[in-house]
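Tertiary structure, described
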Amino acid sequence: YNTLLKGFTTACNLKDAYALLREMEQDGVGPNDISYNSIINAAVCKGNFKEAWGAIEEMESKGIKADHYTVSIMLKALKRFGGSRESTRVLAMVDRLGVNVCQEE
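Residues numbered from 1 in each chain as written. Predicted model: local features only at pLDDT ≥ 70, side-chain atom pairs only at ≥ 80, totals over all residues. Heavy atoms only, no water.

**What about the side chain of Ser 38?**
If you trace the backbone, Ser 38 turns up in helix α3 (residues 33–45). On the basis of relative accessible area, Ser 38 is assigned to the buried category, the value being 9%. Excluding residues that lie within four positions of it along the chain, Ser 38 makes contacts with Lys 6 and Thr 9. (Helix = DSSP H or I, 4+ residues; strand = E, 2+ residues; numbered from the N terminus. Buried < 20%, exposed > 50% of the residue type's maximum accessible area, 1.4 Å probe, protein only. Contact = heavy atoms within 4.5 Å.)

In structure tokens form, the structure reads like this:
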């Protein structure tokens, strides 16, 4: 499923990506952090912060923690689109998650 999802999200096709996400859930295959990070990245690709935050909220409501990849995607979004409200929200997420942005993997 994640390979198909990545195909949709690489094309910034959120409609089909969300449809596949729902199909995964119906088939008993729960989406994971990779699934959601792909969706978040596609939302950012489209310049849609609201959609990206919605995916983060859905992900976390299902017990899937945002991670350093999620933070990286949202920092990339800030670089492209900026905005003080979004900057504050992303930095608050970094603090909440305890992600060390200076740490190399």
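On we go.
**What to know about the state of the cysteines**
If you walk through the whole model with that rule in mind, you get one disulfide. Disulfide partner of Cys 12: Cys 45, at an S-S distance of 1.8 Å. Because the torsion about its S-S bond is 85 degrees, the bridge between Cys 12 and Cys 45 counts as right-handed. On the criterion of sequence distance, the pair formed by Cys 12 in the loop between α1 (2–10) and α2 (14–26) and Cys 45 in helix α3 is long-range, its members being 33 residues apart. What makes Cys 12 buried here is its relative accessible area of 13%. (Disulfide = S-S within 2.5 Å.)

**What about the pattern of salt bridges?**
Note on pairing: side chains with opposite charge can pair once their charged atoms come close. For the structure shown, the criterion picks out six salt bridges. As a salt-bridge pair, Glu 57 and Arg 89 come within 2.8 Å of each other at their nearest N and O atoms. Within this pair, whereas Glu 57 is found in helix α4 (residues 49–61), its partner Arg 89 is found in helix α6 (residues 84–97), the two being separated by 32 residues in sequence. Given a relative accessible area of 47%, Glu 57 falls into the partly exposed group. (Salt bridge = Lys/Arg side-chain N within 4 Å of Asp/Glu carboxyl O.)

**Structural notes on the packing of aromatic side chains**
The relation between two aromatic rings is expressed through the spacing of the ring centres and the mutual angle of the planes. A complete count under the given rule lists zero aromatic pairs for this structure. We note Arg 89 situated over the ring of Trp 53; from NZ or CZ to the ring centre the distance is 4.1 Å. (Phe/Tyr/Trp six-rings, centres within 6.5 Å; stacked < 30°, edge-to-face > 60°. Lys NZ or Arg CZ within 6 Å of the ring centre and 35° of its normal.)

**A look at α3**
The first and last C-alpha atoms of α3 sit 18 Å apart over 13 residues, in line with the 18 Å expected at 1.5 Å per residue. For α3, the complete set of buried residues consists of Ser 35, Tyr 36, Asn 37, Ser 38, Ile 39, Ile 40, Ala 42, Ala 43 and Val 44. The elements touched by buried residues of α3 are α1, α2, α4 and α5 (68–81). Capping of α3 at its N-terminal end is provided by Asn 32; its side-chain oxygen lies 3.0 Å from the backbone amide nitrogen of Ile 34. Gly 47 sits one or two positions beyond α3 and adopts a positive phi of about 75 degrees. (Expected span 1.5 Å × (residues − 1). Polar contact = N/O pair within 3.5 Å; in protein donor to acceptor, adjacent residues only side chain to side chain.)

As far as function goes, none of this settles anything; it's purely spatial.
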